[in-house]
Every structure is written in structure tokens, then in C-alpha cells.
Amino acid sequence: MTEFNLQVEENGVRLDRYLTQELPLSRSRIQQLIEQGQLQLNGKVCTSKKITVKAGDRITLQIPSAEPLKLQAEDIPLDILYEDDSLLILNKPAGLVVHPAPGHPDGTLVNALLAHCPNLPGIGGVQRPGIVHRLDKDTTGAIAIAKTELAHQHLQAQLKAKTARREYLGIVYGVTKTESGTIELPIGRHPQDRKKMAIVPVEQGGRNAVTHWRILERLGNYTLMHFQLETGRTHQIRVHSAQINHPIVGDPIYSSNRSIGVNLPGQALHAWQLKLQHPLSGELIEVTAPPPQTFTTLLEVLRKRAAISS
């Protein structure tokens, strides 16, 4: 159970709006907690989100502990790039959520993994069994799964120590002025839109984030980029690319929904290569995930357009 205690310092603010300003929670989540009777105003339960608070009011908001998800195994096809008794590396398709969450209770990669690896429950936690790192729903490519607790700890340690390498291919809007570069800007939850990430100073809760990039191919007003992650923050490449005014093509959140005339399932971002040390043998494992057809089709279209305009 998490509890927030606040004392109001100004008059005339609606309760849910006041809490949205003061707490790291979305307005919809706050309204839900109020409706569930999780808020007390001056020592009494309050279920009205529209009430106006006054200076001196005392507010207590409780967030119940999350209940463990009751995960079900589902027979969902997996594109396996590498597998042994300790480790599984998959080529994740667009549209597949990695683990169950509100709004996606099933049909996830975890549900598929439980059918493929019945011994996963308990490895790395109840809610995300076997998951070492994640990919956004519409980001495709290589993702590593630990099949034992030892492998899980070893792989997470590699990510923390930055010895594991994660390399991405992305198609961005525009053309950068230099051939390569490094973006080192802290990332945190967006202060207004809790579903987004943003560049947030460390002193305000942002976490250090480093992305290395270089140009692979210029495509007229677009560019095929190679990205290498040094850190693994949520939406890192997408936020960093948008920040330097070269957002990922097709990104529904960070690219202002610019149309490109090609039907894409999401952002043109693909986890291309994964390099890590095997948790038991110490052998270097290098896996390359072929980009999906939509990515290669987009490349072909942009190459033809660039050739026509040149």
C-alpha cells in the first residue's frame, strides 16, 4: 500500500485537478482511486472528484498494492532466433505487448512464453516472468528472455554494466547535419501527459539516458539511422530522436502523426542486433533480427522517391 498525505495551501481548486498537479499520477487514475473510496478529506472518506478544496484541507490518498496477475499460457507463434536451456531470444513483431498490464490483460509476449516455457513463473518476478528488458508495443526486433533465475540475474547485470549491446535501425524525418553523434539527455515521465516520456532534468526526477547514432543511408528528406543504446529508458530512442528534431517515422506519440503515404503498424524502429555474454558458458552471443516486411517496404519506397527527386 502506498499512501500520499498532503495539506492544501490555496483555495478554489477542484480536488482531482489539485491532486494531478501534486502527485505523479494521471488524472484518470486519481479519479478512479477517489471513486473506489481510497481518499480521505479531513479524516473522512470522500468519493467526489469535483469537490473544491480549501487552504488547510488535509488529504490522504491510498494506492492499494497491485495484485499479482493471474497469467494464462496462450499458444501464440514465436519467431525464435536463439534458444538453449538458459536463454531465449525472439524477433518480436509489431503490435505485441511484452507483458500484461491494464488494458492488455492477455495476448502478450509473456502469455506466449508461458506456453513455450512452462517453467518461467517466478523467474524475475510474478508479473514479468523471464523478461530481462522490454520493447515498446510497436517496436519490432530482438528481445532476450531468461529461462532460469541465474540467467535472469546475469543478463540484467550485463545491461546495468553496459556490457550487453542493443543496436537498432530507425528511419527518421529529415537529414542530420553530421554523420554521427551522441544524445545525452535525461528522460522522465512527461509532467502533463503521464502516458508520454520527455526530457526531464535529473533534479526533477529524470534519469540519465545516452543514445549513440550514425547515418546508414540518406533517403531524400528521410534518413536510415543506426542507434546504439548505452542506457535503456522507456521510449529512449523515440524521445531522443524527437528532441533533436528528427523523430522516428510513424511514431504516433512523438512525431505529430506526420503522414508519409505508407501504411505502418507503428514507428519505424527495429531492434536489429543483440550482443551479450551467455550466462553459463560466457560465450559471446550475437543475434541479428531481420526487419519486418513493413520496414523494408518503407525503405524501398523512400529509395525510389529519393532517386526520382535527385
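Keep in mind the model is a prediction, meaning the values are calculated, not measured.

Here we come to the overall build of the chain. From N to C terminus, the chain includes 6 helices and 17 strands. On the principal axes, the C-alpha backbone points of the chain span a range of 65 × 50 × 35 Å. Within the chain, buried positions represent 44% of all 310 residues. Long-range pairs, those at least 24 residues apart, make up 64% of the contacts in the chain with a sequence separation of at least 6. When the accessible surface of the chain is summed, it comes to about 16,000 Å², and 47% of that surface belongs to carbon and sulfur atoms.

This part covers empty space enclosed by the protein. Within the structure shown, the criterion is met by 3 cavities of 30 Å³ or more. Lining the largest cavity are Ala-94, Asp-138, Thr-140, Leu-264, Pro-265, Gly-266, Gln-267, Ala-268, Leu-269, Pro-292, Thr-294 and Phe-295. Around the second largest cavity, the lining residues are Val-132, His-133, Ala-144, Leu-155, Leu-159, Ala-164, Leu-274 and Leu-276. At the level of secondary structure, the elements contributing two or more residues to the lining of the second largest cavity comprise α4 (149-161) and β16 (269-277). Here the residues of the lining of the second largest cavity are counted per class, giving 7 nonpolar, 1 polar and no charged.

Across a sheet, strands are paired by hydrogen bonds formed along the backbone, either parallel or antiparallel in direction. Pairing is antiparallel in the open sheet, where 4 strands are placed in the order β1-β6-β3-β4. Each edge of the open sheet is held by one strand with a lone partner, namely β1 (2-7) and β4 (44-45). Across 3 bridges, strand β3 (residues 39-41) lies against strand β6 (residues 58-63) in antiparallel orientation. Of the residues in β6, the one forming a bridge with Leu-41 is Ile-59. The sheet contacts of helix α1 (residues 15-22) involve β1, β3 and β6, and relative to β1 the element is tilted by about 110 degrees. Most of the contacts of helix α2 (residues 27-35) go to β6, to which it runs at about 95 degrees, and overall it touches β3 and β6.

What follows concerns the pattern of salt bridges. Summed over all chains, the structure comprises 11 salt bridges. Glu-179 serves as the salt-bridge partner of Arg-218, at 2.5 Å between the closest nitrogen and oxygen. Of the two residues, Arg-218 is situated in strand β14 (residues 210-219) and Glu-179 in the loop between β10 (165-173) and β11 (180-184); the sequence distance between them amounts to 39 residues. The exposure class assigned to Arg-218 is partly exposed, which follows from its relative accessible area of 37%.

All right, on to the side chain of His-270 then. Summarising the element assignment, His-270 is placed in strand β16. Among the polar contacts listed, one links the side chain of His-270 to the side chain of Thr-140, at a separation of 2.7 Å. Once residues within four sequence positions are removed from consideration, His-270 is found in contact with Asn-91, Thr-140, Gly-141, Glu-167, Tyr-168, Leu-169, Ala-289, Pro-290, Pro-291, Pro-292 and Phe-295.

Let us look at unusual backbone geometry. Of note, the phi angle at His-235 is positive, near 60 degrees, even though the residue is not glycine. Within the secondary structure layout, His-235 lies in the loop between β15 (222-229) and α5 (236-243). A residue is classified by how much of its surface remains accessible, and His-235, at 12% relative accessible area, is buried. Its identity is not glycine, yet Asn-245 carries a phi of approximately 65 degrees, on the positive side. Among the secondary structure elements, Asn-245 is positioned in the loop between α5 and β16.

Tracing the sequence through the fold places Arg-238 in helix α5. On the accessibility criterion, Arg-238 (4% relative accessible area) is buried. Note: C-alpha distance between Arg-238 and Gln-267 (29 residues apart in sequence) is 8.7 Å. Once residues within four sequence positions are removed from consideration, Arg-238 is found in contact with Asp-136, Ile-248, Asp-251, Pro-252, Ile-253, Tyr-254, Gln-267 and Leu-269. Here Asp-136 takes part through its side chain, which lies 2.9 Å from a polar atom of the side chain of Arg-238. A polar contact is formed between the side chain of Arg-238 and the side chain of Asp-251, at a distance of 2.7 Å.

Counted according to the given criterion, the structure contains 1 aromatic pair. Seen from their ring centres, Tyr-173 and Tyr-222 are 5.6 Å apart, and the 45 degrees between their planes marks the pair as tilted. Taken together, the residues span a long stretch of sequence, with Tyr-173 in strand β10 and Tyr-222 in strand β15 at a distance of 49 residues. Here Tyr-173 matches Tyr-222 in class, with each residue buried.

Turning next to the layout of surface pockets. Quantified by volume, the second largest pocket comes out at close to 350 Å³. In terms of lining, the second largest pocket is formed by Thr-20, Pro-24, Leu-25, Ser-26, Arg-27, Ser-28, Arg-189, Gln-192, Asp-193, Arg-194 and Lys-195. Residues belonging to the lining of the second largest pocket are distributed by class as follows: 2 nonpolar, 4 polar and 5 charged.

The rules behind each value
- Residues numbered from 1 in each chain as written.
- Predicted model: local features only at pLDDT ≥ 70, side-chain atom pairs only at ≥ 80, totals over all residues.
- Heavy atoms only, no water.
- Helix = DSSP H or I, 4+ residues; strand = E, 2+ residues; numbered from the N terminus.
- Buried < 20%, exposed > 50% of the residue type's maximum accessible area, 1.4 Å probe, protein only.
- Contact = heavy atoms within 4.5 Å.
- Areas by Shrake-Rupley, 256 points an atom, 1.4 Å probe, with all protein chains shown as cover.
- 1 Å grid on protein atoms, 1.4 Å probe; cavity = no way out; pocket = protein on both sides within 12 Å on 5 of 7 lines; lining within 4 Å.
- Points joined across faces, edges and corners; volume = space filled by probe spheres on them.
- Nonpolar A, V, L, I, M, F, W, Y, C, P; charged D, E, K, R; others polar.
- Pairing = 2+ DSSP bridges.
- Axes fitted to C-alpha atoms, helices over the stretch in contact; angles between N-to-C directions.
- Salt bridge = Lys/Arg side-chain N within 4 Å of Asp/Glu carboxyl O.
- Polar contact = N/O pair within 3.5 Å; in protein donor to acceptor, adjacent residues only side chain to side chain.
- Phe/Tyr/Trp six-rings, centres within 6.5 Å; stacked < 30°, edge-to-face > 60°.

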